[in-house]
Amino acid sequence: MTGASSSPGVEGAPPGATVPPPGARFHIQYEGAVDFGLPVDVYDLDGDDTAETDVRGLRDRGVYPICYLSIGTVEDWRADAPDFPAEVIGEPYEEWPGERWLDIRRHEVLLPIMSRRIENCADKGFLAIDPDSIDVFSNDSGFGLTEEDAVAYMRAIADIAHEHGLAIGLKNAGEIVPEVVDLVDFAVLEQCLDLGECDWYAPVAEAGKAVFDIEYVGRLADVCAAAPAGFTIVRSDLPLSGAIERCA
């Protein structure tokens, strides 16, 4: 596949799997009609809302498809929302109506649900997962979760992804980078420049793995000029509805 490479990490993607390369041209979109003909190397798309034919079409032309799913929240618009028992559902995710934090310590409840989601990604032809909201520990979840809880859960999710032949990324959660840098195959960040957190993710880039950052504020020229070495930066609207600006 054009633009993809075998994982260099011992704990990373399983043999035969591919990972997005550093410096890849990146498109991320979770809402709205997707233009599948963009001149990019990687698409990060909602796993439920993207049809298998579209995923296969990307792969046919050498584009790397990443499957977005949330592993740290329940979203009331998902078909599997009723599968989450009340005791694992915590406080609302204030920025996103209809979304609530999960008790990620409850592996026996959550992993079967997440396994079905990941299997759906694999069945559609995605090559990797973008597991969102692992940073539940740094939010008001109602559960008093820790970084150690997040690392243990991330490792369990990675095992499932690898069983399905998929690579896995780290979504935000820069605090746990030292514990998972050998496990993950790339990273997807939000606002690391705006929040002054890019240094947290430097070890991922230094390990030769792709780092994709989405910025929601600032002029494109300024954002691009500030991009750390090894990072791919894009400028987007907050809903990630397709209004992406890219550095040259």
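One can find the structure itself at the top, above this paragraph.
Reference entry: report on the structure contained in this document. Quick caveat: nothing in here was measured; it's all calculated off a predicted structure. (Residues numbered from 1 in each chain as written. Predicted model: local features only at pLDDT ≥ 70, side-chain atom pairs only at ≥ 80, totals over all residues. Heavy atoms only, no water.)

**A look at the pattern of salt bridges**
Operational definition: Just to be clear on terms, a salt bridge is a Lys or Arg side-chain nitrogen sitting within 4 Å of an Asp or Glu carboxyl oxygen. Under the scheme used here, helices are H or I runs from DSSP no shorter than 4 residues and strands are E runs no shorter than 2 residues, and both carry numbers assigned from the N terminus. For each residue, the accessible area found with a 1.4 Å probe, counting protein chains only, is set against the maximum for its type, and the residue is called buried under 20%, exposed over 50%, and partly exposed in between.
For the structure shown, the criterion picks out 12 salt bridges. D48 is the salt-bridge partner of R78, the closest N and O atoms lying 3.1 Å from each other. Highlighted residues: R78 in the loop between β6 (73-75) and β7 (89-92) and D48 in the loop between β4 (42-46) and α1 (52-60), separated in sequence by 30 residues. On the basis of relative accessible area, R78 is assigned to the buried category, the value being 9%. Using a relative accessible area of 45% as the deciding quantity, one classes D48 as partly exposed. In this structure, R106 and E108 form a salt bridge, with 2.6 Å as the shortest nitrogen-oxygen distance.

**Details of the sheet that holds β6**
Note the following rule: The pairing criterion is simple: DSSP has to find at least two bridges between the two strands. Convention adopted: a line fitted to C-alpha atoms gives each axis, helices being fitted over their contacting stretch, and angles between N-to-C directions are expressed from 0 to 180 degrees.
Read from one edge to the other, the open sheet built from 3 strands follows the order β6-β8-β7, with strand pairing classed as antiparallel. Here the strands that pair on one side only, and so sit at the sheet edges, are β6 and β7. On average, adjacent strands in this sheet sit at an angle of 40° to one another, irrespective of strand direction. Two elements, β6 and strand β8 (residues 99-102), share 3 bridges in a ladder whose sense is antiparallel. Bridging from a neighbouring strand, E75 pairs with E99 of β8.

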